[in-house]
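Letter by letter, the chains look like this.
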Amino acid sequence: MLRLYKARKPRPEFGLHSSNRERRGKLEQQAIEVTGLRKTYAGGKKQEPKEALKGLDLSIPEGSIFGLLGPNGAGKSTLINILAGLVKKTDGRVVIWGFDQDVNPRQSRAAIGVMPQELNMDPFFTPRAALEMQAGLYGVPKSERWTDEILELVGLSDKAEAYARNLSGGMKRRLLLAKALVHRPQILVLDEPTAGVDIELRAMLWRNVRKLNEQGMTIILTTHYLEEAEEMCDEIAIINNGELIVRDTTPNLLKRMDRKALVVEPRNEVSQEIRLPEGVTLETRPGGQMAFSYSRTDTSAEDILDALRAADVEIRDIASEQPGLEEVFVSLTSNR
Ligand SMILES: Nc1ncnc2c1ncn2[C@@H]1O[C@H](COP(=O)(O)OP(=O)(O)OP(=O)(O)O)[C@@H](O)[C@H]1O
Ligand SMILES: [Mg+2]
């Protein structure tokens with residue numbers, strides 16, 4: 001079995017600065033607290049300034065696997081890069097692991113490791129050298145380094161001495177993940193970790209993420225694969241246009257996603273009131289079709305048909321529509 005830590009050093013928790021944790025208030029249980037976060041990218045000669053985050057409030061509980069979803073350009077990477085200290089916020093408050101980014105920049109930075117969306121690495125470093133260098137940047141003492149374990153964790157042991165420029169795209173992404181781990185952050189942020197990654201690596205990545213999470217690491221990830229978010233995340237926030245659209249536990253969000261539509265073409269004029277089961281909504285479409293939207297958990301199609309029969313509606317044709325996750329996502333993000 002893969003060991004994440006040296007055996008002689010039992011460390012149930014992440015964080016190089018264990019004192020960090022003791023200094024935190026007992027009541028604090030949020031890994032990340034963001035309030036009124038704004039970011040406007042300055043415009044250029046031909047470019048308008050871009051308001052990428054419009055006063056975002058978001059808290060991410062300690063110990064969770066938290067999914068950040070949203071269409072291209074929503075502001076996910078902007079948020080993540082602000083958390084990582086790579087992008088300067090325009091306004092608002094960012095508290096990481098109990099440390100205000102403006103008040104305790106060093107501690108808040110030490111608590112978080114970010115795997116960026118963009119590949120950025122020195123082509124002349126080997127993975128081992130890149131990790132050692134990163135550890136040096138974070139001031140990780142030699143005795144605390146876990147370079148070999150990280151290389152094993154991300155499946156790069158056999159490439160440890162290869163030049164980064166000779167790594168495949170997927171291997172480069174693994175190296176980015178490895179770099180995010182060198183200082184044993186309490187919070188690991190993955191910006192689209194599985195984009196362009198093969199199935200095997202994806203599975204390995206999720207296994208490792210789960211393992212790290214089981215050991216107490218809070219995980220924040222962005223993904224465009226909704227099934228992935230559904231499978232991995234305890235909670236999900238959807239952002240669009242720099243604003244938070246919804247934030248809920250994955251089961252609750254899935255509940256919203258279990259709406260189906262029953263589309264009925266009536267043969268006769270509907271003259272009586274149709275007494276629909278609770279939670280069922282009716283939308284009349286061009287051509288007289290009636291689309292009944294219902295939740296599969298609460299209602300069955302049979303309940304709706306019963307209501308139609310009771311109102312003497314004769315049915316010419318009937319069809320069932322099931323929104324895919326994509327559609328639900330689009331419907332949540334498009335009407336803003
Ligand atoms: N350095 C920059 N200068 C100017 N505008 C930027 C910069 N970086 C991002 N933007 C703009 O800010 C908005 C948010 O971008 P961001 O990269 O945060 O989106 P995202 O949600 O990560 O999208 P994706 O899913 O494509 O990664 C976009 O409109 C983008 O064009
Ligand atoms: Mg992005």
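Coordinates for the structure precede this section.
In what follows, the accompanying structure is described. From a predicted model like this one, the values you see are computed outputs, not experimental measurements.

### Observations regarding the coordination of the magnesium ion (ligand 2)
- Taken together, S77 (OG) and Q117 (OE1) make up the protein donors of the magnesium ion (ligand 2), found 2.0 to 2.1 Å from the metal. Of this pair, S77 sits in helix α2 (residues 76–83) while Q117 sits in the loop between β6 (112–115) and α4 (127–137), placing them 40 residues apart in sequence.
- Given the relative accessible area of 31%, Q117 is considered partly exposed.

### A word on the sheet that holds strand β1 (residues 30–41)
- Strand order in the open sheet formed by 4 strands is β2-β1-β4-β5, and the pairing between neighbours is antiparallel. Among the strands making up the open sheet, the edge pair consists of β2 (50–61) and β5 (99–100).
- Pairing geometry for strand β4 (residues 91–96) and β5, over 2 bridges, is antiparallel. For V95, the partnering residue across the bridge sits in β5 and is D100.
- Strands in contact with α2 are β1, β2 and β4; relative to β1, the strand with the most contacts, it is inclined by about 115°.

### Side note on the site of ligand 1
- Taken together, 14 residues lie near ligand 1, and N72, G73, K76, S77 and T78 sit nearest.
- The separation between an oxygen atom of ligand 1 and a polar main-chain atom of G73 is 2.8 Å.
- Take Q117: an N or O atom from its side chain is 3.0 Å from an oxygen atom of ligand 1.
- Compared with its free state, where it exposes 640 Å², ligand 1 has 67% of that area covered by protein.
- Those elements that place two or more of their residues in the shell around ligand 1 are β2 and α2.
- Sorting elements by how many residues they give to the shell around ligand 1 places α2 first, with 3 residues.
- For the shell around ligand 1, a count of residues per class yields 4 nonpolar, 7 polar and 3 charged.

Cut-off values and rules
Residues numbered from 1 in each chain as written. Chains lettered and ligands numbered in written order. Predicted model: local features only at pLDDT ≥ 70, side-chain atom pairs only at ≥ 80, totals over all residues. Heavy atoms only, no water. Donors = N, O, S within 2.8 Å, 3.2 Å for Na, K, Ca; no water. Helix = DSSP H or I, 4+ residues; strand = E, 2+ residues; numbered from the N terminus. Buried < 20%, exposed > 50% of the residue type's maximum accessible area, 1.4 Å probe, protein only. Pairing = 2+ DSSP bridges. Contact = heavy atoms within 4.5 Å. Axes fitted to C-alpha atoms, helices over the stretch in contact; angles between N-to-C directions. Near = heavy atom within 4 Å. Polar contact = N/O pair within 3.5 Å; in protein donor to acceptor, adjacent residues only side chain to side chain. Areas by Shrake-Rupley, 256 points an atom, 1.4 Å probe, with all protein chains shown as cover. Nonpolar A, V, L, I, M, F, W, Y, C, P; charged D, E, K, R; others polar.

Geometric values such as these leave the question of function open.
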